[in-house]
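Take a look at the letters that make up each chain.
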Amino acid sequence: MPVQFSGETHGCFSDSLQMAFGDEGPGETVVEVLTGSAFGMYLHHDGRPFFAPIGWNPEKGINSTLDLLGWTCEQTGGSPDEVVRALEKVDDRHRAVAGPVEMGLLPHHPGLGQPIGADHYLVVVGFDGENVVVHDPRAHPYTVLPLEKLLAAWHTETLAYTVPDFNLRTGFRRVREVDTAEAIRRLLPIAADLVAPDASAEAAEGAAKVLDGGLSTYLFFHLADFMVCVGARRRNDAAVVLARYGYPRVAEVLDQQARLIGSMEYPLVAGDYASAAATMRKLAPTFAQLETELRAAVRA
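Residues numbered from 1 in each chain as written. Predicted model: local features only at pLDDT ≥ 70, side-chain atom pairs only at ≥ 80, totals over all residues. Heavy atoms only, no water.

**Thoughts on the packing of helix H9 (residues 248–262) against helix H12 (residues 286–299)**
Where H9 contacts H12, the two axes come as close as 8 Å, and the packing angle between them is 155°. In this view, H9 runs roughly antiparallel relative to H12, as classed from their interaxial angle. You can see that H9 and H12 cross each other, and the crossing is left-handed. Residues Arg249, Val250, Val253, Leu254, Gln256, Gln257 and Leu260 of H9 lie in contact with H12, whose contacting residues are Thr286, Phe287, Gln289, Leu290, Glu293, Leu294 and Ala297. (Axes fitted to C-alpha atoms, helices over the stretch in contact; angles between N-to-C directions. Helix = DSSP H or I, 4+ residues; strand = E, 2+ residues; numbered from the N terminus. Parallel < 35°, antiparallel > 145°, perpendicular 65-115°, else oblique. Left-handed = near helix turned anticlockwise from the far one by under 90°. Contact = heavy atoms within 4.5 Å.)

**Details of the pairing of strand S4 (residues 96–102)**
In terms of burial, S4 is largely enclosed, as seven of its seven residues are buried. Both S4 and strand S5 (residues 119–127) contribute to a ladder of five bridges, which runs antiparallel. Counted as the bridge partner of Glu102 is Asp119 from S5. Bridging between S4 and strand S8 (residues 168–174) involves two bridges; their strand directions are antiparallel. Looking at the pairing, Val97 lines up with Arg169 of S8. (Buried < 20%, exposed > 50% of the residue type's maximum accessible area, 1.4 Å probe, protein only. Pairing = 2+ DSSP bridges.)

**Some points on the pairing of S5**
When you tally the buried positions in S5, you get eight out of nine residues, the bulk of the element. Here S5 folds back onto strand S6 (residues 131–136) in antiparallel fashion, the turn holding three residues, of which Gly129 has a positive phi close to 100°.

**A few points about helix H6 (residues 180–195)**
With 16 residues, H6 should reach 22 Å at 1.5 Å per residue; the first-to-last C-alpha distance of 22 Å fits that figure. Along H6, the largest kink reaches about 35° and is centred on Leu188; proline Pro189 follows within four residues of it. Of all the residues in H6, the buried ones are Thr180, Ala183, Ile184, Leu187, Leu188, Ala191, Ala192 and Val195. Looking at the buried residues of H6, the elements they touch are helix H2 (28–34), helix H3 (58–69), helix H7 (197–212), helix H8 (217–244) and H12. (Expected span 1.5 Å × (residues − 1). Bend = angle between axes of the 7 residues up to and from the residue.)

**Regarding unusual backbone geometry**
The linkage connecting Gly99 with the following residue, Pro100, adopts the cis geometry, with an omega of 10°. Positive phi, normally seen in glycine, also occurs at Phe166, with a value near 60°. Note on placement: Phe166 falls in the loop between helix H5 (147–153) and S8. Residue Phe166 is classed as buried on the basis of its relative accessible area of 6%. Positive phi values are uncommon outside glycine, yet Ala196 reaches one of about 45°. Looking at the secondary structure, you find Ala196 in the loop between H6 and H7.

**Points about the side chain of His120**
Mapped onto the secondary structure, His120 falls in strand S5. Apart from residues lying up to four places away in sequence, His120 is in contact with Cys12, Ala98, Gly99, Pro100, Val101, Met103, Leu106, His109, Asp136, Pro137 and Arg138.

**Quick notes on the packing of aromatic side chains**
Throughout the structure, instances matching the rule amount to seven aromatic pairs. By way of ring pairs, the aromatic residues Phe13, Trp56 and Tyr121 are connected into one cluster. (Phe/Tyr/Trp six-rings, centres within 6.5 Å; stacked < 30°, edge-to-face > 60°.)

**What to know about the sheet that holds strand S7 (residues 140–146)**
Spatially, six strands are ordered S3-S8-S4-S5-S6-S7 in an open sheet, and the strand pairing comes out antiparallel. Each end of this open sheet is capped by a strand with a single partner; those strands are strand S3 (71–76) and S7. Going across the sheet, the axis of each strand differs from the next one's by a mean of 35°, ignoring polarity.

**Regarding the environment of Gln257**
Tracing the backbone through its elements, the reader meets Gln257 in helix H9. Leaving out residues up to four positions away in the same chain, Gln257 has contacts with Ala38, Arg235, Leu283, Thr286, Phe287 and Leu290. A polar contact of 3.2 Å, which involves the side chain of Gln257, links it to the side chain of Arg235. (Polar contact = N/O pair within 3.5 Å; in protein donor to acceptor, adjacent residues only side chain to side chain.)

**Remarks on the packing of H8 against H9**
Their axes nearest at 8 Å, the elements H8 and H9 cross at an angle of 160°. Here H9 runs roughly antiparallel to H8, going by the angle between their axes. In this structure, H8 crosses over H9, and the sense of that crossing is left-handed. Across from Val228, Gly231, Ala232, Arg235, Asn236, Ala238, Ala239, Leu242 and Ala243 in H8, the residues of H9 making contact are Pro248, Val250, Ala251, Leu254, Asp255, Gln257, Ala258, Ile261 and Gly262.

**Looking at the pattern of salt bridges**
Pairs may arise between side chains of opposite charge once their charged atoms sit close together. What the rule picks out here adds up to 17 salt bridges. Across the pair Asp46 and Arg48 runs a salt bridge whose closest N-O atoms are separated by 2.8 Å. In this structure Asp46 comes out as partly exposed when scored by relative accessible area, which is 32%. Overall, the relative accessible area of 8% leaves Arg48 in the buried class. Salt-bridge contacts for Arg174 lead to Glu177; the nearest nitrogen and oxygen are separated by 3.8 Å. Given a relative accessible area of 24%, Arg174 falls into the partly exposed group. (Salt bridge = Lys/Arg side-chain N within 4 Å of Asp/Glu carboxyl O.)

Structure, rendered in structure tokens:
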């Protein structure tokens, strides 16, 4: 059985969604797995590796999770006036998920103050017309933000995927009963399609070539401070959950991927890019193995 990681993570959208579900949610670990984030890899056009499926983004992941679990919500976006009207209906029982926002412009994150191209999600639990009360999954409960400061960060032109500004989900409610085991079973064929083993293996090889040439400061922090952490965490979550619900062979491959990705952290920080590149190349063939085991689980 894989050892489950626990601690502060980069799963802001899954943490936020679980907070919106409240006691009826399956937990942020299951939510993260149902987003499909752990299945596949791609290389962005600027050379950044992402341990996520090609074409995937948190918005697609949230919508997938809602469908798999039998939930729905209302979605508002594009206009500050519209989103303010929606915020007026929010309280600690009627929660809202706000995002993506530009993390670098969030005024309560020390030392930022400028766009960094990083998306982030928050849970809104209160609004008095001037200040917004949020649970920020990045270790900031009950943070009070001036509305204008939040609106300034709620633009998405600096992000790697296209979403309307002021994207807000409210009115979360269950429309059909789905237990977690059934949601995981329904995820399996979706996950098998997301893996895209040839493209993912090509992305791993491409990332290895990027490492062969050394890393810019931007790429270094993308990998060492974010993507290795989140890539290993997502696969650890998926391995634990799939093992728990009776898919040990799928879990074994995901655990292998988690260990490979996580093992790159020290070599990256130590500047041993050759070792990190070699690990990327070991990762490449595991995507075909993962798809094979997922297809077998679907047929079983």
